[in-house]
Amino acid sequence: MQNAPFRSSTLTVRPEWIDYNGHLNMAYYSVLMDQCADQAYPVFGFGPDYLTETGCTTYVAEFHVCYVRELHVNDPVQITFQLLDYDEKRFHVYQEIWHNDGWLAATGEALTLHVDQSGPKVAPMPQTVLSRIETMYDAHKDLPRPDRAGRSIGIKRKS
């Protein structure tokens, strides 16, 4: 795999995504990151036919977003997708939304489960998928760990 981390095609902030404050509604930052995942997943072997062929799919178990800078209608962005870790049933990714002018708009971090829909229950991924994930992980493992990865939320109080 070249060009680590994975980078989406250029996506555009749509007019219907703008809120009453005149900027991108918070929910649509996640939509943009999900659209990037839709582009990255075929690299793993999770294409549009994966569910019908295997009876399995993926569920996001946890997702954290940090809003860094406002996006506005028609802003062009690209989203990165960095694989931080994985095992036979899960993978942990970190994403960043970058305005095409070069500034960071938001970050996202997800823990995703591989799920057998017959349960539904968390299940091991097929070896073909694990091999592809390992290939991406090998390309990403030496990237610097993002400062925002692993953050928690709370109000910091002075003792």
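What comes next is a walk through the structure. (Residues numbered from 1 in each chain as written. Predicted model: local features only at pLDDT ≥ 70, side-chain atom pairs only at ≥ 80, totals over all residues. Heavy atoms only, no water.)

1. Quick look at the nonpolar core
One recurring pattern in soluble globular proteins is that nonpolar side chains are buried together. The biggest cluster of nonpolar side chains holds 33 residues, and the ones touching the most others in it are Leu 32, Leu 71, Phe 81, Phe 91 and Ile 97. Of all the elements in the fold, those that place two or more residues in this core are α1 (26-44), β4 (76-86), β5 (90-99), β6 (104-116) and α3 (127-140). Ranked by residue count, the leading element in this core is α1, at eight residues. When residues no more than four places from it in sequence are discounted, the contact partners of Phe 81 are Pro 5, Phe 6, Cys 36, Ala 37, Ala 40, Tyr 41, Phe 44, Val 93, Tyr 94, Gln 95, Met 136 and His 140. (Core = buried A, V, L, I, M, F, W, Y, C linked by side-chain atoms within 4.5 Å. Buried < 20%, exposed > 50% of the residue type's maximum accessible area, 1.4 Å probe, protein only. Helix = DSSP H or I, 4+ residues; strand = E, 2+ residues; numbered from the N terminus. Contact = heavy atoms within 4.5 Å.)

2. What to know about the packing of aromatic side chains
Tallied over the full model, the rule gives 13 aromatic pairs. Each ring, one from Phe 6 and one from Phe 81, has its centre 6.4 Å from the other, and the planes form 80°; the classification is edge-to-face. Pair noted here: Phe 6 is in strand β1 (residues 6-7) and Phe 81 is in strand β4, with a separation of 75 residues, a long-range link. Each member of the pair, Phe 6 together with Phe 81, is buried. Through successive ring pairs, a cluster of aromatic residues spans Phe 6, Tyr 41, Phe 44, Phe 46, Tyr 50, Phe 81 and Phe 91. (Phe/Tyr/Trp six-rings, centres within 6.5 Å; stacked < 30°, edge-to-face > 60°.)

3. With respect to the environment of Thr 57
Relative to the helices and strands, Thr 57 resides in strand β3 (residues 56-67). Since its relative accessible area comes to 21%, Thr 57 is described here as partly exposed. Once residues within four sequence positions are removed from consideration, Thr 57 is found in contact with Tyr 50, Leu 51, Leu 113, His 114, Val 115 and Gln 117.

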